[in-house]
Amino acid sequence: MPVVTLPDGSQKQFDSPVTVDEVAASIGAGLRKAALAGKVDGELVDTGFLIERDATLSIVTERDPEGLEVIRHSTAHLLAQAVKQLFPEAQVTIGPVIADGFYYDFAFARPSTPEDLAAIETRMRELVAADMPVSRRVMPRDEAVEFFRSLGEAYKAEIIQSIPAGEQISLYGQGEWVDLCRGPHVPSTGKLKAFKLMKVAGAYWRGDSRNEMLQRIYGTAWPDKKQLDAYLHRLEEAEKRDHRRIGRELDLFHFQEEAPGAVFWHPKGWTVFQSLISYMREKQTAAGFEELNTPEVLDIELWRQSGHAEKFGENMFTTKTPDERVYALKPMNCPGHVQVFRQGLRSYRDLPLRFAEFGKVHRYEPSGALHGLMRVRAFTQDDAHVFCTEEQITAESVQVTRLILDIYRDFGFEDVRIKFSDRPASRVGDDAVWDRAEAALQEAARAAGIECELNPGEGAFYGPKLEFVLRDAIGRDWQCGTLQMDFNMPGRLGATYIDEHSHKRTPVMIHRAMFGSLERFFGILIEHHAGRLPLWLAPVQAVVVTITDRQDDYARRIGESLKNQGVRVEIDLRNEKVGFKIREHTLQRVPYLLVAGDKEVQANTLAVRTRDGKDLGVHAVESLAQRLLQEISSRGRHVLED
RNA sequence: GCCGGCUUAGCACAGCUGGUAGUGCACCUGAUUUGUAAUCAGGGGGUCGGGGGUUCGAAUCCCUCAGCCGGCACCA
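In this text, all values refer to a predicted model and were calculated from it rather than measured experimentally.

About the criteria used
- Residues numbered from 1 in each chain as written.
- Chains lettered and ligands numbered in written order.
- Predicted model: local features only at pLDDT ≥ 70, side-chain atom pairs only at ≥ 80, totals over all residues.
- Heavy atoms only, no water.
- Near = heavy atom within 4 Å.
- Polar contact = N/O pair within 3.5 Å; in protein donor to acceptor, adjacent residues only side chain to side chain.
- Domains from an automatic or database assignment.
- Contact = heavy atoms within 4.5 Å.
- Buried area = accessible area lost by both parts, 1.4 Å probe.
- Helix = DSSP H or I, 4+ residues; strand = E, 2+ residues; numbered from the N terminus.
- Core = buried A, V, L, I, M, F, W, Y, C linked by side-chain atoms within 4.5 Å.
- Buried < 20%, exposed > 50% of the residue type's maximum accessible area, 1.4 Å probe, protein only.
- Pairing = 2+ DSSP bridges.
- Right-handed = clockwise from strand over helix to strand, strands pointing away.
- Axes fitted to C-alpha atoms, helices over the stretch in contact; angles between N-to-C directions.
- Left-handed = near helix turned anticlockwise from the far one by under 90°.
- Nonpolar A, V, L, I, M, F, W, Y, C, P; charged D, E, K, R; others polar.
- Salt bridge = Lys/Arg side-chain N within 4 Å of Asp/Glu carboxyl O.
- 1 Å grid on protein atoms, 1.4 Å probe; cavity = no way out; pocket = protein on both sides within 12 Å on 5 of 7 lines; lining within 4 Å.
- Points joined across faces, edges and corners; volume = space filled by probe spheres on them.
- Expected span 1.5 Å × (residues − 1).
- Arc of directions from axis to C-beta.

Student: Which parts of the structure should I look at to understand the protein's contact with RNA strand B?
Tutor: Contacts to RNA strand B come from 52 residues, most closely from Y204, R375, N575, R583 and R609. For RNA strand B, the backbone portion of the atoms within 4 Å of the protein, that is sugar and phosphate, comes to 49%. Here E257 contributes a side-chain N or O atom positioned 3.3 Å from a sugar or linking oxygen of RNA strand B. H371 places a side-chain nitrogen or oxygen 3.4 Å from a phosphate oxygen of RNA strand B.

As structure tokens, this is what we get:
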């Protein structure tokens, strides 16, 4: 006689075991119709689940996050069913729910085309219209393996075989189609109302590049058409933020075939790039870093010593000179910094030594990995190496962590996470040293007051690391900063110092980068701001716009004056209507448009308009200049509009 | 690197099953002296990504190389 406790605390007693569906029906016909699944004692189950003893139950509908997951999962099944109907030779593998949708991987000899996608989607809609009930049954593991083998589903059988023997396997079926699945699923295919297949892609079986490649179909699914459309709209908006597109539109940079993965910076983009460098230079100098510069092309022998040739050689550009020497373009700055450290005799009194470099590195990245500024083959790191004693590693780590977070705040990134990668299976150095290195990094993260996510065993072979991940305006995560403890390379490259007992010791080296790659960071900034860079970074900060040629002299005079005071200003004297000029500069995301007409000339003022279309009224030229300069130097923390 | 798709004027794109290129914006010239997101008119511009092949004839079909796009794998 089960007593079912509902989320509002009310209880219902039943004379015999009941299904979730029946409980929903007993509450109301509307709820029964809306029910996608149930949660019995916290466990997600089908609406057909039989409640045999006292339990708590909540009915899962499309309004619950779990309900949306069920919809997506069931839509993945629907996709698989449609594919099997249209292409019986295709074998099914897995079809999980992912952010905003799902995918399903198929093993299929013939490549799927976008036309296939349309046909599959049409078939899916037919299956929805048929409103087929979804049923569940269980089978012992070995029987399930045999069952799928008999269907010719080798991949499925392989998956089931990896489940412990003796376990019961649940199978879900709709119409003629059956799939292995943990569930739960919607009660019938008619519940799936808003979905769209997005793209086909290749994906390795079990995520391993040594395995064969399967065909993956991505889709999205939502409770209703409105939410689906909102999602598609969101994708369009994200596309408008694409830094590759904005980079071209705003004349910031370009790429071309002859230099895959290498940036041609245009004057405007380079202006921003240089602003980033000046900013970082100021910050790190204040934090006790000394800037230096080391060669980009170094004899391959040095890279053999450092271990890069062996561990990283696949990713290195090399060059052979007419004298038959082989050099490599540096993929990292650390060996160069160690060379500077090694010059002369270092004393423990010199430590910590903090060497920083805006080092341009080259890495031969796999062609398929290249992606605008986000993944390139030639990039600039704001790289630094702190050479210190073991006693100093905690203090140094804490300081660097604070600095990184402080810098991210200046750019408006408040949502930062830290990932901690500890010792990998294959490593150098003894465990006592690893203990200290890991403790130092954890202390640094703790001092920063940020929750630390563990990446077990993901540390570098020479030491553990912290990675700083920031989240942009549209919720994407980017790994930028990194802090790595290195007990290995200084020794390999012969770096030593003399300790207080006159003994030669090997220093610890801390690798740190804050932007990570300046190119990538710039790309993130563009997308984060949708091209509307804050005033201090904007390549053109203001444009003086005239209405007729009667204001030309005035505009020239003001332009000169602002320029002399350090504002990046342009003057637009073109024989065009103001509306036309406003439109163009707004599209160029110029922060402030300073309009000069006859009235403004008369009063020695300017009419100020923002790129967002706000009219800030008329301002006296001198006070406007002061306020612009203030906004620039405060890096946007006080804006003109306040 | 792997799977799939794409590559036509500076940019965005048309160009059916092969008959040797077009639209819009941009650009140039002229007119217009203009008050907050597009003034009007005229004009110039492409060896259709590179190479090879099939064909009387290729932007269009085939092969190949490169780059790009979306994923996978890798990663700052």
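Student: Quick question: what am I supposed to make of the domain arrangement of chain A here?
Tutor: Accessible area lost upon the coming together of the parts serves often as the stated size of an interface. Each domain of chain A was delimited in the assignment, giving domain 1 (3-61), domain 2 (66-238), domain 3 (253-528) and domain 4 (542-641). Spacing between the C-alpha centres of domain 1 and domain 2 amounts to 27 Å. Each partner contributes to the interface: domain 1 provides 11 residues, whereas domain 2 provides 11 residues. Regarding the contact of domain 1 and domain 2, the summed buried area is about 830 Å², with carbon and sulfur atoms giving 60% of it.

Student: Just to check I follow, could you spell out the side chain of E121 for this structure?
Tutor: Note on placement: E121 falls in helix 4 (residues 114-129). Non-local contacts of E121, meaning those with residues more than four positions away in its chain, are made with F195, K196 and L197.

Student: Where do I start with the nonpolar core in this structure?
Tutor: If you look at soluble globular proteins, the nonpolar side chains tend to sit buried side by side. Core analysis: the biggest nonpolar cluster contains 82 residues, and Y408 and F411 have the highest contact counts within it. With 8 residues, helix 13 (residues 393-410) is the single largest residue contributor to this core. When residues are assigned to domains, this core turns out to be shared by domain 3 (253-528) and domain 4 (542-641), each giving three or more. The contact partners of F411, leaving out residues within four places of it in the chain, are L276, Y279, F515, F521, L525, H528, H529, W536 and L537. The next biggest cluster of nonpolar side chains, apart from the first, holds 31 residues, and it includes V70, I71, A82 and I217.

Student: I would appreciate a short explanation of the pairing of strand 26 (residues 452-455) in the present structure.
Tutor: Consecutive residues of a regular strand have side chains that alternate between opposite faces of the sheet. As paired elements, strand 25 (residues 416-421) and strand 26 share 4 bridges and run parallel to each other. The residue bridging K419 from the neighbouring strand is E453, located in strand 26. Read as a crossover between parallel neighbours, the route from strand 25 over helix 14 (residues 431-448) to strand 26 is right-handed.

Student: I tried to follow the sheet that holds strand 29 (residues 497-498) on my own but got confused; where do I start?
Tutor: With mixed pairing, the 3 strands of this open sheet are ordered in space as 22-29-30. Across the chains shown, the open sheet's two edge strands, defined by having one partner strand only, are strand 22 (346-347) and strand 30 (504-505). Both strand 29 and strand 30 contribute to a ladder of 2 bridges, which runs antiparallel. The partner of I498 across the bridge, within strand 30, is K504.

Student: Just checking my understanding: could you explain the packing of helix 9 (residues 267-286) against helix 13 for this structure?
Tutor: Packed helices, taken two at a time, are described by their axes: the angle between them and the distance between them. Two elements in contact, helix 9 and helix 13, have axes whose closest approach is 11 Å; the angle formed by their N-to-C orientations is 145°. Considering how the two elements wind past one another, helix 9 and helix 13 form a crossing that is right-handed. Here helix 9 contributes Y279, M280 and K283 to the contact with helix 13, which in turn contributes L403, D406, I407 and D410. Of the residues that constitute the contact of helix 9 with helix 13, the class distribution is 4 nonpolar, no polar and 3 charged.

Student: How should I be thinking about the pattern of salt bridges in this particular structure?
Tutor: Think of it this way: side chains of opposite charge can pair up when their charged atoms draw near. According to the stated counting rule, one finds 46 salt bridges in the structure shown. For R354, the salt bridge goes to E396, with nearest N and O atoms at 2.8 Å. Placement of R354 in strand 23 (residues 353-362) and of E396 in helix 13 is noted, with a sequence separation of 42 residues between them. Like R354, the residue E396 is buried in the burial classification. Where salt bridges share partners, they join R417, E453, R471 and D477 into one cluster.

Student: Honestly, the packing of helix 13 against helix 14 in this entry has me stumped. Any pointers?
Tutor: Between helix 13 and helix 14, the least distance of the axes is 8 Å, while the angle of their chain directions is 40°. In the packing of helix 13 onto helix 14, the handedness of the crossing is right-handed. Taking contact as the criterion, the partners of I393, T394, S397, V398, T401, R402 and L405 in helix 13 are, on helix 14, R436, A437, A440, L441, E443, A444, A447 and A448. Across the contact of helix 13 with helix 14, the residue classes break down as 9 nonpolar, 3 polar and 3 charged.

Student: Please clarify how empty space enclosed by the protein should be interpreted in this entry.
Tutor: Regions of empty space are outlined by a rolling probe, equal in size to a water molecule, passed over the atoms. Summed over the entire model, instances satisfying the criterion amount to 1 cavity of 30 Å³ or more. Lining the largest cavity are V83, F87, F106, F108, S112, D116, I120, Q215 and I217. Among the elements of the structure, helix 4 and strand 15 (213-222) are those that each provide at least two residues to the lining of the largest cavity. Grouping the amino acids of the lining of the largest cavity by side-chain chemistry returns 6 nonpolar, 2 polar and 1 charged.

Student: So what exactly am I meant to see when it comes to helix 14 here?
Tutor: For an α-helix, 3.6 residues make a turn, and residues three or four places apart therefore share a direction. Across its 18 residues, helix 14 extends 26 Å between first and last C-alpha, which sits within 8% of the 26 Å expected from 1.5 Å per residue. Burial in helix 14 covers these residues: V433, W434, A437, E438, A440, L441, A444 and A445. Angularly, the buried residues of helix 14 cover 150° about the axis, an arc narrow enough to put them on a single face. Those residues of helix 14 hidden inside the fold are in contact with helix 13, strand 25, strand 26, strand 27 (465-471) and strand 28 (477-486). Phi turns positive one or two residues past the end of helix 14, at G449, with a value near 70°.

Student: Looking at this model, I keep getting lost on the sheet that holds strand 35 (residues 605-610). Mind explaining?
Tutor: Backbone-to-backbone hydrogen bonds join strands into a sheet, with any given pair of strands oriented parallel or antiparallel. Strand order in the open sheet formed by 5 strands is 33-32-34-35-36, and the pairing between neighbours is mixed. Because the sheet does not close on itself, it has two edges, and the strands there are strand 33 (569-572) and strand 36 (615-620). Averaged over all neighbouring strand pairs, the angle between strand axes comes to 25°, with direction disregarded. Inspection of the sheet shows strand 32 (residues 542-546) paired to strand 34 (residues 592-596) by 5 bridges, in the parallel sense. Paired with T546 across the two strands is A596, which belongs to strand 34. Contacts between helix 17 (residues 552-564) and the sheet are confined to strand 32, strand 33, strand 34 and strand 35, with strand 33 contributing the most and set at about 170° to the helix.

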